Amino acid sequence: MLKLMEFKEKIKNIYAEHEFIIRPIFKFFVCLAALILFKFNIGFMPILNMWVVIVALAIVMAFIPHLVDVVILSGIMVGNIFYISAELGAILLIVMLIMVVMFLKFTPEQGVFLVLVPLAFMLKIPFIIPLVAGLLCTPIAIVSVTFGTVVYFILETVGSHAQELQAMSTVDIQKVSDAEVAMANVGGIINDISSNPNMYLAILAFAITIGVVYAIRRMSIDNAWAIAIVAGTVLDLVITLVCGMIFRADYFGIKVVVIGSAVSLVIAYILQFFVFSVDYSRTEHTQFEDDEYYYYVKAVPKINVTAPAMNVKRINAQRRKKTVAKSEKPVKASEQPVATNDKVKE
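Residues numbered from 1 in each chain as written. Predicted model: local features only at pLDDT ≥ 70, side-chain atom pairs only at ≥ 80, totals over all residues. Heavy atoms only, no water.

Q: Give me the overall build of the protein: which residues, what numbers.
A: Looking only at helices and strands, the protein has 14 helices and 2 strands in total. For the protein, restricting intrachain contacts to residue pairs at least 6 apart in sequence, the fraction spanning at least 24 positions comes to 72%. Of the roughly 21800 Å² of accessible surface on the protein, 66% is carried by carbon and sulfur atoms. (Helix = DSSP H or I, 4+ residues; strand = E, 2+ residues; numbered from the N terminus. Contact = heavy atoms within 4.5 Å. Areas by Shrake-Rupley, 256 points an atom, 1.4 Å probe, with all protein chains shown as cover.)

Following this line, the structure appears as structure tokens:
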């Protein structure tokens, strides 16, 4: 454990010293991964899915604020959907605008869930989202996670009807029959989205998990964060499997759900290690009062380990040679000892 703490401190020190370089590089790879996932899952607009455009966007997004990154990624999602269906693109745009106008005005930092939730679903680990939201946010994050879940299922439904929508985009809308067929197909897709049991199951499981994780990690008990992570993972897994069987909602399959939950558990523990490291063995309880209240305080110290400094000794070989040569300098004749004859003449 001590080695891990020292490793953590080394990472923190390196990041603090080179933040100006590390942060853009990290953002570049994260944004590049997001754009690549969009390319292979909802890559309908050719210009937005060219490799040159993807890399260029990732470079630009590495140097701009996080909220602008979220706006750009959201715009890419809307643009890809607009390319094959203006009606569905408008629906997705309305959902995102409602999120921005009604919610992000007060908590703009949680707008990242609009992008993180679809990305987590595409990576088959959506269960990490309620754990992270419950550990780092307040229950108000349920709203942003819900919007992100709706966005993903819109993308997923549109992706499953991609060929149908692309065929509709080539019909002659001037003909009444073709226009009626196109609108009927769009209406059917919208109905599939609104009646998708997987979406409602995910929203229910995520909302309950966020609330439970937040409540447990706020409790004054030892290892609250660890208990919250385990309880949240098990609860999310049980709700997904049981309710999935009851309502016939299965958006991944049992094997993927179990493996995804295990991976999410590991990621959450790594997050806890870097964000919330405390030493419960040195917990202190104190009590004091003022004119109106008695206060009972539980103080748990953080684990702070100083990373060992590395001392490097440099040996100058050239200087050492000079020192040796100086010590071996020949002795002058005047300084040489004179031999004496100790024999006494008889």
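That shown, we press on.
Q: Describe unusual backbone geometry, with residues and values.
A: A positive phi angle, near 70 degrees, is found at Lys124, a position not held by glycine. Despite not being glycine, Asn223 shows a phi value in the positive range, around 55 degrees. Structurally, Asn223 is set in the loop between helix H11 (197–217) and helix H12 (224–247). Given the relative accessible area of 42%, Asn223 is considered partly exposed. (Buried < 20%, exposed > 50% of the residue type's maximum accessible area, 1.4 Å probe, protein only.)

Q: Go over the nonpolar core, please, and point to the residues and values.
A: Counting 69 residues, the largest nonpolar core has Phe38, Met77 and Leu92 as its most contacted members. Setting aside its immediate chain neighbours within four residues, Phe38 contacts Gly43, Asn49, Leu73, Ile76, Met77, Val115, Leu119 and Met122. (Core = buried A, V, L, I, M, F, W, Y, C linked by side-chain atoms within 4.5 Å.)

Q: How would you sum up the environment of Phe288? Please name residues and give values.
A: Its place among the elements puts Phe288 in strand E1 (residues 284–289). Judged by relative accessible area, which is 43%, Phe288 ranks as partly exposed. Residue contacts for Phe288: discarding those within four places in its chain leaves Tyr293, Tyr294, Tyr295 and Val297.

Q: Tell me what's going on with the packing of aromatic side chains, and back it up with residues and numbers.
A: Overall, the coordinates contain 9 aromatic pairs when judged by the stated rule. Note on Phe121 and Tyr152: the rings are 4.3 Å apart at their centroids and 10 degrees apart in plane angle, and the pair reads as stacked. Of this pair, Phe121 sits in helix H6 (residues 113–122) while Tyr152 sits in helix H8 (residues 141–160); the two residues are 31 residues apart in sequence, bridging distant segments of the chain. As far as burial versus exposure is concerned, Phe121 and Tyr152 are alike and both buried. (Phe/Tyr/Trp six-rings, centres within 6.5 Å; stacked < 30°, edge-to-face > 60°.)

Q: Tell me what's going on with the environment of Leu119, and back it up with residues and numbers.
A: Its location among the elements puts Leu119 in helix H6. Overall, Leu119 belongs to the buried group, its relative accessible area being 11%. Note: C-alpha distance between Leu119 and Gly148 (29 residues apart in sequence) is 9.6 Å. Sequence-distant contacts of Leu119, that is, excluding residues within four places in its chain, are made with Ala34, Leu37 and Phe38.

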